[in-house]
Amino acid sequence: MFFSFGIKDVIDILLVALMLYYLYRLMKESRSLNVFIGIMVFVLTWIFVSQILEMRLLGSIMDKLVSVGVIALIILFQDDIRKFLYNLGAHQRMRLLLRLFTSDRSAHKEKDREAIMPIVMACMGMSKRKVGALIVVERTQPLDDVAATGDIIDANINQRLIENIFFKNSPLHDGAMVISKKRIKAAGCILPVSHNLDIPKELGLRHRAALGISQQSDCIAIVVSEETGGISVAINGEFRLRLSAEELESILTSGLYGQPSGSAAQ
């Protein structure tokens with residue numbers, strides 16, 4: 001008896017391969033690649049034992065482990081799964097395609113520049129005076145939960161306002177500022193801190209908080225170091241350090257209108 005292999009089988013294999021590829025990317029971005037490899041080894045062993053060798057006792061034990069393991073994985077990686085599902089529902093690529101075909105693209109860019117330049121100028125001014133700052137620029141994923149941890153401001157983006165908020169004697173200077181829809185939404189916000197061991201030791205708590213929020217959302221997190229005055233940006237869980245005004249402007253411009261690519265800290 002010959003094994004029938006049709007177009008549906010090809011589609012089935014392609015869909016499974018696509019699912020495994022996205023799971024691989026998800027685990028790699030969350031620094032859990034070894035966990036993904038371990039899961040794949042266990043699944044292949046389970047299939048070999050239960051389907052090929054037909055070991056009933058060992059197969060039934062592994063069946064129970066698989067049932068419990070799925071629940072355990074959901075609990076362990078709930079934040080990563082939430083981010084993955086949100087990205088899936090946000091249709092970011094579709095939004096980018098729609099933007100490419102909009103007739104007022106130049107007008108959008110001009111509005112973006114009007115919102116970006118006060119941020120860049122404020123960061124450069126604070127860098128010269130070595131005033132620490134942490135600014136989170138929202139992109140496609142809402143940061144309402146982060147903004148709720150601070151004080152709602154809802155003001156136009158203004159260089160002096162940004163510098164006053166991060167002034168050393170200001171009650172809001174220790175927290176993060178959230179910028180959403182080209183407005184300063186909140187200040188004094190609390191961010192999740194990254195526990196990545198690869199972060200250089202000279203980078204402080206602001207940098208860890210910037211990396212943490214960039215790992216959980218697609219935002220752009222800007223840090224002005226209080227010790228060195230250096231300007232850094234965290235995107236997609238990666239750092240870009242020692243930025244000039246032109247580089248910061250370029251990152252923000254591509255971030256608000258396109259897809260910025262982060263590069264690891266060197």
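Definitions and limits used
Residues numbered from 1 in each chain as written. Predicted model: local features only at pLDDT ≥ 70, side-chain atom pairs only at ≥ 80, totals over all residues. Heavy atoms only, no water. Helix = DSSP H or I, 4+ residues; strand = E, 2+ residues; numbered from the N terminus. Buried < 20%, exposed > 50% of the residue type's maximum accessible area, 1.4 Å probe, protein only. Areas by Shrake-Rupley, 256 points an atom, 1.4 Å probe, with all protein chains shown as cover. Pairing = 2+ DSSP bridges. Polar contact = N/O pair within 3.5 Å; in protein donor to acceptor, adjacent residues only side chain to side chain. Contact = heavy atoms within 4.5 Å.

Caption draft 1: Fine view of the overall build of the protein. Within the protein, the secondary structure is distributed over 10 helices and 7 strands. A buried classification covers 36% of the 266 residues belonging to the protein. Summing over all exposed atoms, the protein offers an accessible surface of approximately 16800 Å²; the carbon and sulfur share of this is 61%.

Caption draft 2: How the structure looks around the environment of Gln159. When you line up the elements, Gln159 lands in helix 8 (residues 159-165). We classify Gln159 as partly exposed; its relative accessible area is 29%. Once the C-alpha coordinates of Gln159 and Cys123 are considered, the two residues, 36 residues apart in sequence, prove to be 8.6 Å apart.

Caption draft 3: Inspection of the pairing of strand 4 (residues 183-189) at higher detail. With 4 bridges connecting them, strand 2 (residues 151-156) and strand 4 associate as antiparallel partners. In the sheet register, Ala155 faces strand 4, and the bridge partner there is Ile184. Direction of pairing for strand 3 (residues 176-180) relative to strand 4: antiparallel, over a ladder of 4 bridges. Residue pairing for strand 4: Ser180 is matched across the bridge by Arg183.

Caption draft 4: View of the side chain of Ser225. For Ser225, the location among the structural elements is in the loop between strand 5 (220-224) and strand 6 (231-235). Judged by its relative accessible area of 8%, Ser225 falls in the buried class. Within the local environment of Ser225, its side chain forms a polar contact with the side chain of Thr228, the two groups lying 3.2 Å apart. In contact with Ser225, not counting residues within four places along its chain, are Lys130, Gly132, His207 and Gly230.

Caption draft 5: Structural context of unusual backbone geometry. One non-glycine residue, Lys130, adopts positive backbone phi at about 55°. With respect to the element layout, Lys130 can be found in the loop between helix 6 (105-129) and strand 1 (133-137). Owing to a relative accessible area of 39%, Lys130 belongs among the partly exposed residues under this scheme. Even without being a glycine, Asn236 presents a positive backbone phi close to 55°. Structurally, the position occupied by Asn236 is in the loop between strand 6 and strand 7 (238-240).

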